[in-house]
Amino acid sequence: MTPGLQNIHTHTSRCNHASGTVRDYVVAAREREMSFLGMSDHAPFPDGRWPEPRMQMKELIAYEDEVYRAREEFPDLPIALGLESEYVSENRAFLEDEILGERGYDYLVGGVHYVRVNGSWKDFHKMTSPQDLVAYSTAAVKTMESGLFAFLAHPDLFGYAYPEWDINAEACARDILSAAESLQIPLEINGYGMRKSKIMTRTGERWRYPWLAFWDMAAGFDIRILANSDAHEPENVAGNIEDCLALAEDRGLRPIKPSQLLSHNMFTNKKT
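Residues numbered from 1 in each chain as written. Predicted model: local features only at pLDDT ≥ 70, side-chain atom pairs only at ≥ 80, totals over all residues. Heavy atoms only, no water.

1. Considering the overall build of the protein
1) Next: Across its full length, the protein holds eight helices and 11 strands.
2) Next: By the compact-globule yardstick of 19 Å for 272 residues, the protein fits well, its C-alpha radius of gyration being 18 Å.
3) Next: Judged by the C-alpha coordinates and their principal axes, the protein covers about 50 × 45 × 30 Å.
4) Next: Out of the 272 residues belonging to the protein, those deemed buried represent 56%.
5) Next: Of the contacts formed within the protein by residues at least 6 apart in sequence, a portion of 77% connects residues at least 24 apart.
6) Next: Entry remark: accessible area of the protein is about 11,400 Å², with carbon and sulfur atoms responsible for 47%. (Helix = DSSP H or I, 4+ residues; strand = E, 2+ residues; numbered from the N terminus. Rg over C-alpha atoms; globule rule 2.2 N^0.38 Å. Buried < 20%, exposed > 50% of the residue type's maximum accessible area, 1.4 Å probe, protein only. Contact = heavy atoms within 4.5 Å. Areas by Shrake-Rupley, 256 points an atom, 1.4 Å probe, with all protein chains shown as cover.)

2. A closer look at the packing of aromatic side chains
1) Next: Applying the stated criterion across every chain, the model contains 11 aromatic pairs.
2) Next: The interplanar angle of 80 degrees and the centroid separation of 6.4 Å between the aromatic rings of Y87 and F149 together place this pair among those described as edge-to-face. Linking Y87 in the loop between strand 3 (79-85) and helix 3 (92-102) with F149 in the loop between helix 4 (130-145) and strand 7 (151-152), this pair joins segments that are 62 residues apart in sequence.
3) Next: On the basis of an interplanar angle of 55 degrees and a centroid distance of 5.6 Å, the ring pair of Y136 and F158 is categorised as tilted. Of the two residues, Y136 is situated in helix 4 and F158 in the loop between strand 7 and helix 5 (167-183); the sequence distance between them amounts to 22 residues. The pair Y136 / F158 is uniform in exposure class, with both members buried.
4) Next: Members of the aromatic cluster, connected to one another through ring pairs, are Y136, F158, W165, W211, F214 and W215.
5) Next: In this structure, K196 packs its charged tip against the face of Y192, placed 4.1 Å from the ring centre.
6) Next: Looking at R206, its charged tip hangs above the ring of W211, at a distance of 3.9 Å from the centre. (Phe/Tyr/Trp six-rings, centres within 6.5 Å; stacked < 30°, edge-to-face > 60°. Lys NZ or Arg CZ within 6 Å of the ring centre and 35° of its normal.)

3. Quick notes on helix 4
1) Next: Compared with an ideal rise of 1.5 Å per residue, which puts 16 residues at 22 Å, helix 4 spans 23 Å between its outermost C-alpha atoms and is within 8% of the ideal.
2) Next: Buried residues along helix 4 sit against strand 4 (107-110), strand 5 (114-117), strand 6 (120-123), strand 7, helix 5 and strand 8 (187-190).
3) Next: Remark: G147 follows helix 4 within two positions and exhibits a positive phi of approximately 75 degrees. (Expected span 1.5 Å × (residues − 1).)

4. Describing the pairing of strand 4
Along a regular strand, successive side chains alternate from one face of the sheet to the other.
1) Next: Both faces of strand 4 are covered, namely the face carrying Y107 and V109 and the face carrying L108 and G110.
2) Next: Bridge count for strand 3 against strand 4 is four bridges, and the pairing is parallel. Note that in strand 4 the partner of E84 across the bridge is V109.
3) Next: Looking at chain direction, strand 4 and strand 7 are connected through two bridges and run parallel. Opposite G110, over in strand 7, you have L152 as the bridge partner. (Pairing = 2+ DSSP bridges.)

5. Section: helix 2 (residues 60-73)
1) Next: The end-to-end C-alpha separation of helix 2 is 20 Å, in line with the 20 Å expected for 14 residues at 1.5 Å each.
2) Next: The set of residues buried in helix 2 consists of L60, Y63, E64, E66, V67, Y68, A70 and R71.
3) Next: At its buried positions, helix 2 is contacted by helix 1 (22-31), strand 2 (36-42), strand 3 and helix 3.

6. Considerations on the side chain of N228
1) Next: With respect to the helices and strands, the residue N228 is situated in strand 11 (residues 225-228).
2) Next: One polar contact links the side chain of N228 to the main-chain amide nitrogen of I8, over a distance of 2.9 Å.
3) Next: With sequence-adjacent residues up to four places away left out, N228 is seen in contact with Q6, N7, I8, H9, F151, E188, I189, N190, G191, I241, C244 and P258. (Polar contact = N/O pair within 3.5 Å; in protein donor to acceptor, adjacent residues only side chain to side chain.)

7. A word on the state of the cysteines
1) Next: Taken as a whole and assessed by the stated rule, the structure comprises zero disulfides.
2) Next: Counting only cysteine sulfurs, C244 is the nearest neighbor of C172, a cysteine outside any disulfide, at a range of 19 Å.
3) Next: C244 takes part in no disulfide bond, and the closest cysteine sulfur to it belongs to C15, at a distance of 19 Å.
4) Next: For C244, a relative accessible area of 0% gives the class buried. (Disulfide = S-S within 2.5 Å.)

8. Some points on the nonpolar core
The nonpolar side chains of a soluble globular protein tend to be buried with one another.
1) Next: Among the nonpolar cores identified, the biggest contains 77 residues, and Y136 and F158 are the most heavily contacted of them.
2) Next: It is helix 5 that provides the largest number of residues to this core, a total of seven residues.
3) Next: Among residues more than four places away in sequence, those in contact with F158 are M127, L133, Y136, W165, A169, C172, A173, I176, W211 and F214.
4) Next: Counting residues in hydrophobic clusters, the runner-up holds 12 residues, among them F36, Y107, A150 and I256. (Core = buried A, V, L, I, M, F, W, Y, C linked by side-chain atoms within 4.5 Å.)

Such coordinate-based values are descriptive only and should not be taken to indicate function.
Structure below.
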């Protein structure tokens, strides 16, 4: 493990599909000599939608307090306070005015896990049609255009259940990459997909994400990228970040450091 690695995509047990407390991740990060850590558990929704993979509103203050206590206990490791969230227009005021405004969070991670298709919501495990990919790229672009998010997480997540790199996948990727280039919103190479089961395609096995064909195409765009673990267990706080960085280097993509991305608004233990 290379000292000085940074990760700002980190989940706790509050999201119901991860383990560990904030302190557990901080201890693990210090053991691995990491230089920067961001906590970004899945944001609650005021209307309670999609409750299974996210904390509840009533847990938000306790989550914040955990981060503040960890900052006080471990002042040698910078710890950023964030949330990962879907972008839907009716949630904008909550994210912009309350989370980034009143509550003083350092950053938000944009993550597209649900898309609206024919009037119904579909999650990424079930995105198997060209129509789903159009809905995904539309949601990803709107997320970036909102201006609320420090970066777009796992932009190639549309490949989780869509196996083949075809004209539909190319079009989806091009829309996302073009928007990221125009808006200069960083895209994330996500290490969590490297720890998941692989998908079988006509050309053999591949990671569900990162989708190498997506990042091959990305090399032709003027985009900023960063590498994150997307840690769901403390032992993976730095998981596969070096692999993600190598993937970027192989394609001539130059990663930015998370600490550079978030240095504008850090470490005020602001509470309501």
